[in-house]
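# Architecture at a glance
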Amino acid sequence: MPERSEAYRAEQDKWRKVRRSRPADIIMPGPGQESVWSYPRPPRVEPVTPRVRVEFENHTIADTARALRVVETSSPPCYYIPRSDILTEHLEPSERTSFCEWKGVASYWSVRVGGRFAKDSAWSYPDPDLGFEAIKDYIAFYPRRMDACWLGPERVTPQPGFYYGGWVTSNLVGPFKGVPGSEGW
């Protein structure tokens, strides 16, 4: 893990201490379902059994049976794909970065296939913080910015809201962070 500055640690600590509320209308999961309200905080990295695919401009740009997912309270999982299972010639590094109090500083990627361009449509953690080392050299894609993302045979839908990159599948129940009024979850 890279050495972190005092300012970095202070920002991380500040965000980790933010009090989060829970909505009153949490859906109880039925058989075969998962509730995003059963996911942990801090998040957890888990291996994924189903095949994960990402399509853009009539190309499968990522296809793996070795994905990882990050699950965190209130959000649908984000799926991380090994770089070796991505057609990286379609990825262009972006100048954008963001900060997660658990995973660290994210770098962004834009996707270009032919003449079509999707700015800041994927992200990665090149030097993830302690506990998230498993996602180093993995890249996650925003399903909203791709033509299709697949978990096994199921086409996923994007997590609500522009900022979030979770993959909503039919077995998930919420409500999901990203809907109006969820800023404090």
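Above: the structure in question.
How each quantity is defined
- Residues numbered from 1 in each chain as written.
- Predicted model: local features only at pLDDT ≥ 70, side-chain atom pairs only at ≥ 80, totals over all residues.
- Heavy atoms only, no water.
- Helix = DSSP H or I, 4+ residues; strand = E, 2+ residues; numbered from the N terminus.
- Rg over C-alpha atoms; globule rule 2.2 N^0.38 Å.
- Buried < 20%, exposed > 50% of the residue type's maximum accessible area, 1.4 Å probe, protein only.
- Contact = heavy atoms within 4.5 Å.
- Areas by Shrake-Rupley, 256 points an atom, 1.4 Å probe, with all protein chains shown as cover.
- Lys, Arg positive; Asp, Glu negative; His and termini not counted.
- Charge placed at Lys NZ, Arg CZ, Asp CG, Glu CD.
- 1 Å grid on protein atoms, 1.4 Å probe; cavity = no way out; pocket = protein on both sides within 12 Å on 5 of 7 lines; lining within 4 Å.
- Points joined across faces, edges and corners; volume = space filled by probe spheres on them.
- Nonpolar A, V, L, I, M, F, W, Y, C, P; charged D, E, K, R; others polar.
- Salt bridge = Lys/Arg side-chain N within 4 Å of Asp/Glu carboxyl O.

### Some details on the overall build of the protein chain
Looking only at helices and strands, the protein chain has one helix and 15 strands in total. For 185 residues, the compact-globule estimate of 2.2 N^0.38 gives 16 Å, and the C-alpha radius of gyration of the protein chain, at 16 Å, lies within 12% of that figure. When the backbone C-alpha atoms are referred to their principal axes, the protein chain occupies close to 45 × 45 × 30 Å. When burial is assessed residue by residue, the protein chain has 49% of its 185 residues classed as buried. Counting only contacts in the protein chain whose residues sit at least 6 apart along the sequence, the fraction spanning at least 24 positions is 56%. Here the protein chain displays about 9,500 Å² of accessible surface, and carbon together with sulfur accounts for 54% of that area. Taking the average location of the 25 positive side-chain charges in the protein chain and that of its 24 negative ones, the two points are 3 Å from each other.

### Side note on the layout of surface pockets
Here the largest pocket is characterised by a volume of approximately 800 Å³. Lining the largest pocket we find 36 residues, and of these Glu72, Ser75, Tyr163, Tyr164 and Lys177 sit closest to its centre. Those elements that provide at least two residues to the lining of the largest pocket are β5 (68-72), β6 (75-82), β7 (91-100) and β8 (104-113). The biggest single contributor to the lining of the largest pocket is β6, with five residues. Partitioned by chemical class, the residues of the lining of the largest pocket number 19 nonpolar, nine polar and eight charged.

### Details of the pattern of salt bridges
Inspection of every chain in the model, using the stated rule, returns 16 salt bridges. The partner of Lys17 in a salt bridge is Asp13, and the shortest N-O contact between them spans 3.1 Å. Residue Lys17 is classed as exposed on the basis of its relative accessible area, which comes to 59%. Of the charged contacts, one joins Arg69 and Glu34 as a salt bridge, the two residues approaching to 3.3 Å between their closest N and O atoms. Of this pair, Arg69 sits in strand β5 while Glu34 sits in strand β1 (residues 34-35); the two residues are 35 residues apart in sequence, bridging distant segments of the chain. Relative accessible area serves as the criterion here: at 13%, Arg69 is assigned to the buried category. With a relative accessible area of 24%, Glu34 lands in the partly exposed category.

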